[in-house]
Amino acid sequence: MDASEQDYIYCYRGTEILINKYQEKDPEKLKKLERLLTGARLIDLLKNPMPGEFELSHLRAIHRYIFQDLYEWAGELRRVDISKASLFCHASYIEKEAAKLFVQLKKDRYLHDLPFRELCAKAAFYLGEINAIHPFRDGNGRAQREFIRELLLSAGYSVDYTRCRSGLMFEASVASFQGDYQLMMQLFEQCTVPLRRRD
C-alpha cells in the first residue's frame, strides 16, 4: 500500500494522517508535535540506551520508546504494505526476513573487534537491510538509526549522525535499497569515532 492509498488501520478515514493519541488531524501540527515528543525520547536514549540483544524485539522496544507518547501502535510491526518509490518488505514477511538478518548479525558478533572500515561497511549493510524491511508503519528511520547507534556503542564507538552533511542519509538509504552501500559506508566513516584510543 502506498501512502496515497487509503489506510484505514493507521490513518483517519479519508486522510493520510496517522491516528494519534492527541487526535491531531492537522498534518503540520502533528509533524511538529511528533518532532518535539520523539526528540525528547531520543535525547533520553542518548543518556540511557535501550537494553536488549540486538534482535527484532530490541528494535521494537526502541521504536516503542521513541513513539510511545504519540501512537498506540508504537513498537508493533506494521500490518499493511507500504512504499516510497519502491515497495518495502511485504508485511507478512517482516518477521521472517528480520529473523534471518539478526541471525547474521549475531554471526558477525554484533560488529565487535572489527577494523574501522569493515565496521563501517557492516553498519552500512545492516542499516540498509533494516530500512528495506521497514518493520513499522512510520518512524522507521529514527528507530533504525538509534538501533545502529546503540549497536556501535556496544562495539566501542560513538555515532553522531549530525556530523554528516544534510541529505546524505536520504541519498545513502535510497542507494542501499538498490544494493549499493558505498554512500552509507561513507556516512558511517564520517559520523563514527572510537570511544577510546585503539592501537
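Residues numbered from 1 in each chain as written. Predicted model: local features only at pLDDT ≥ 70, side-chain atom pairs only at ≥ 80, totals over all residues. Heavy atoms only, no water.

### With respect to the pattern of salt bridges
Thinking step 1. Tallied over the full model, the rule gives 10 salt bridges.
Thinking step 2. Among the ionic pairs, Glu28 bridges to Lys31, the shortest N-O distance being 3.7 Å. One end of the pair is Glu28 and the other is Lys31, both in helix 1 (residues 27-47) and three residues apart, which spans about a single turn.
Thinking step 3. Salt-bridge contacts for Glu189 lead to Arg117; the nearest nitrogen and oxygen are separated by 2.6 Å. Separated by 72 residues along the polypeptide, Glu189 in helix 7 (residues 182-191) and Arg117 in helix 4 (residues 116-133) bring together distant segments of the chain. (Salt bridge = Lys/Arg side-chain N within 4 Å of Asp/Glu carboxyl O. Helix = DSSP H or I, 4+ residues; strand = E, 2+ residues; numbered from the N terminus.)

### Brief notes about helix 3 (residues 94-107)
Thinking step 1. Its 14 residues give helix 3 an end-to-end C-alpha distance of 20 Å, which sits within 8% of 20 Å, the value for a rise of 1.5 Å per residue.
Thinking step 2. Those residues of helix 3 not exposed but buried are Ile94, Ala98, Leu101, Phe102 and Leu105. Down the axis, helix 3 shows its buried residues gathered within 95° of arc, on one side only. What points out from helix 3, more than 90 degrees from its buried face, is the exposed set Lys96, Lys106 and Lys107.
Thinking step 3. Elements that come into contact with the buried residues of helix 3 comprise helix 2 (56-67), helix 4 and helix 5 (140-154).
Thinking step 4. Looking at the residues trailing helix 3, positive phi occurs at Arg109, about 55°. (Expected span 1.5 Å × (residues − 1). Buried < 20%, exposed > 50% of the residue type's maximum accessible area, 1.4 Å probe, protein only. Arc of directions from axis to C-beta. Contact = heavy atoms within 4.5 Å.)

### Regarding helix 5
Thinking step 1. In a regular helix each residue adds 1.5 Å, so 15 residues correspond to 21 Å; helix 5 covers 21 Å between its end C-alpha atoms and thus fits that length.
Thinking step 2. If you check which residues of helix 5 are buried, you get Asn140, Ala143, Gln144, Glu146, Phe147, Ile148, Arg149, Glu150, Leu151 and Leu152.
Thinking step 3. Positive backbone phi, approximately 95°, marks Gly156, located one or two places after helix 5.

### What to know about the packing of aromatic side chains
Thinking step 1. A complete count under the given rule lists 11 aromatic pairs for this structure.
Thinking step 2. Seen from their ring centres, Phe102 and Phe147 are 5.6 Å apart, and the 55° between their planes marks the pair as tilted. You can see Phe102 sitting in helix 3 and its partner Phe147 sitting in helix 5, a full 45 residues away along the chain. When sorted by exposure, Phe102 lands in the same class as Phe147, which is buried.
Thinking step 3. Every member of this aromatic cluster is reached through a ring pair, and the members are Tyr10, Phe67, Tyr71 and Trp73. (Phe/Tyr/Trp six-rings, centres within 6.5 Å; stacked < 30°, edge-to-face > 60°.)

### Focus: the packing of helix 4 against helix 7
Thinking step 1. Helix 7 packs onto helix 4 with a crossing angle of 125° between their chain directions and a minimal axis gap of 8 Å. Relative to helix 7, the element helix 4 lies oblique. Note that helix 4 runs across helix 7; the crossing there is right-handed. Facing Phe116, Arg117, Cys120, Ala121, Ala123, Ala124 and Leu127 of helix 4, the residues of helix 7 in contact are Met184, Met185, Phe188 and Glu189.
Thinking step 2. In the contact of helix 4 with helix 7, the residues fall into nine nonpolar, no polar and two charged. (Axes fitted to C-alpha atoms, helices over the stretch in contact; angles between N-to-C directions. Parallel < 35°, antiparallel > 145°, perpendicular 65-115°, else oblique. Left-handed = near helix turned anticlockwise from the far one by under 90°. Nonpolar A, V, L, I, M, F, W, Y, C, P; charged D, E, K, R; others polar.)

Taken by themselves, the reported measurements are silent on function.
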